[in-house]
Amino acid sequence: CFRLPFYVVGFLCLVVTMVVFFRFGNVQAKEGDKSAPISSVLTYKRMLSLIAIALNGTIVATLDPTLSNKLFGPPFEYDADKVGLLFTVSSVLYIVTSMPVGWMMDKSASYGPQLKSKVCKITQALGFFMLAVCFTLLGPWKVGAASLDRLCNNVPSVWIAMMFKGMGSAGNNAGYPDIAIGISESDGMRQATLAGLWNAAYAIGWAAGPLLGGMMYGGFGFAT
């Protein structure tokens, strides 16, 4: 009976894959379209934005292999179900926050590229700030002899922290609209190159995050 949900999820993934394949599988470059190498879109500003995108993924992914080790022990004594629920709450907050972020990106586009760029960067900066709040609340947090364990290393603070994690991750959704500024929507080849760079940057961040998190946890744990 415990295997049934996994079969259902697997079947749904297969259905979605087939729909995407048949619905979008015939999308091809138009005849006469020229390829758009990375050099044609990669400017200094876009490179900085891609680094920020990768960094967001790295920060978020450091918790994947480490947070459960913290929560399995005292004072939390969580089991696998509670840890999974905690990450689910974070994912739900990510989805909910992504909708207004997308709306802001669309709205800012009507006021010109300069304002849109500022809105994108402010949104990403707020995302990083929320991630900083997340890690502060996870604790333990100490400065010299001062300790905020009672404030930042307890059950309520962990749940609030993971909510901030979800919202902070959504700030990264402003990354692609930012790097796409100045590229015509009708220029499908350059848009495709940018999309590939965005996905590559985020994937690199997500790949580096667990490795970095595991190394830091092995060396320091959650102590400061």
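Before any of the text, the structure's been laid out above.
Fair warning: this is a prediction, and the values are worked out from it, not measured in the lab. Each residue is numbered by its place in its chain's sequence as written, counting from 1. Local features in this predicted model are restricted to residues of pLDDT 70 or higher, and side-chain atom pairs are both shown and tallied only at a pLDDT of 80 or more, whereas totals for entire chains, interfaces and linings draw on every residue. Water and hydrogen atoms were dropped before computing side-chain values, which therefore reflect all heavy atoms in the structure.

Trainee: Looking at this structure, I do not really get the overall build of the chain. What am I missing?
Mentor: From N to C terminus, the chain includes nine helices and two strands. A helix here means a DSSP run of H or I that spans at least four residues, while a strand means a run of E at least two residues long, and both kinds are numbered starting from the N terminus. The helix and strand sequence of the chain, counted from the amino end, reads α-α-α-α-α-β-β-α-α-α-α. Contact definition: two residues touch when any of their heavy atoms are within 4.5 Å. Within the chain, contacts between residues separated by at least 24 positions form 75% of all contacts whose residues are at least 6 apart in sequence. Carbon and sulfur atoms provide 70% of the accessible area of the chain, an area that totals close to 13,900 Å². Computed by Shrake-Rupley with a 1.4 Å probe, the accessible areas treat only the displayed protein chains as cover when residues are assessed.

Trainee: What is the right way to read the packing of aromatic side chains from this model?
Mentor: Each aromatic ring pair is characterised by the separation of its centres together with the angle its planes make. We call Phe, Tyr and Trp rings a pair once their centres come within 6.5 Å, taking the six-membered ring for Trp, and we label the pair stacked below 30 degrees between planes, edge-to-face above 60, and tilted otherwise. Across all of its chains, the model carries three aromatic pairs by this definition. Arranged with centres 6.2 Å apart and planes meeting at 90°, the rings of Tyr-202 and Trp-206 form a pair that is edge-to-face. Of the two residues, Tyr-202 and Trp-206 both sit in helix α9 (residues 188–220), four residues apart, roughly one turn of that helix. An aromatic cluster of at least three residues, connected via ring pairs, comprises Trp-198, Tyr-202 and Trp-206.

Trainee: Quick question: what am I supposed to make of the nonpolar core here?
Mentor: When a protein is soluble and globular, its nonpolar side chains tend to lie buried together. Only buried Ala, Val, Leu, Ile, Met, Phe, Trp, Tyr and Cys residues count toward a nonpolar core, and they belong to the same one when joined by side-chain atoms within 4.5 Å. Exposure categories follow from relative accessible area, calculated using a 1.4 Å probe and restricted to protein chains: below 20% of the type maximum is buried, above 50% is exposed, and the middle band is partly exposed. Ranked by size, the top nonpolar core spans 16 residues in total, and within it Leu-63, Leu-67, Leu-71, Leu-86, Leu-138, Val-158 and Met-162 carry the most contacts. At the level of secondary structure, the elements contributing two or more residues to this core comprise α3 (67–72), α4 (80–109), α5 (113–138) and α7 (155–170). Looking at this core, the element that brings in the most residues is α5, giving four residues. Apart from the residues lying within four places of it in its own chain, the contact partners of Leu-71 are Phe-76, Glu-77, Tyr-78, Val-83, Leu-86 and Val-158.

Trainee: Is there a simple way to think about the packing of α4 against α5 in this case?
Mentor: The description of two packed helices rests on the angle between their axes and on the distance between the axes. Taken N-terminus to C-terminus, the directions of α4 and α5 make an angle of 160°; their axes are 8 Å apart at the nearest point. When the axis of α4 is compared with that of α5, the two are roughly antiparallel. When you trace α4 past α5, the crossing you get is right-handed. Contacts between α4 and α5 involve Val-101, Met-104, Met-105, Ser-108 and Ala-109 from the former and Lys-116, Val-119, Cys-120 and Thr-123 from the latter. By residue class, the composition of the contact of α4 with α5 is six nonpolar, two polar and one charged. Note on geometry: axes are lines fitted to C-alpha atoms, helical ones only across the stretch in contact, with angles between N-to-C directions running from 0 to 180 degrees. For classification purposes, an angle smaller than 35 degrees is called roughly parallel, one larger than 145 roughly antiparallel, one from 65 to 115 roughly perpendicular, and anything else oblique. What makes a crossing left-handed is the near helix being turned counterclockwise from the far one by less than a right angle; a clockwise turn instead makes it right-handed. Under the scheme applied here, ten amino acids are nonpolar (Ala, Val, Leu, Ile, Met, Phe, Trp, Tyr, Cys and Pro), four are charged (Asp, Glu, Lys and Arg), and all others, including Gly, are polar.

Trainee: Just checking my understanding: could you explain a nonpolar patch on the surface for this structure?
Mentor: Like-charged residues within 9 Å of one another, or nonpolar side chains (Val, Leu, Ile, Met, Phe, Trp, Tyr) within 5 Å, are grouped into patches, provided each residue has over 30% relative accessible area and no salt bridge. Think of a salt bridge as a Lys or Arg side-chain nitrogen and an Asp or Glu carboxyl oxygen that are within 4 Å of each other. A grouping of Ile-38, Leu-42, Tyr-44, Met-47, Leu-48 and Ile-51 is seen on the molecular surface, where their side chains present a nonpolar patch of about 590 Å² in accessible area. Positionally, Leu-42 belongs in the loop between α1 (4–24) and α2 (44–61). The class of Leu-42 is partly exposed, set by a relative accessible area of 31%.

Trainee: Teacher, can you tell me more about the side chain of Ser-157 here?
Mentor: Note on placement: Ser-157 falls in helix α7. Once residues within four sequence positions are removed from consideration, Ser-157 is found in contact with Leu-137, Leu-151 and Cys-152.

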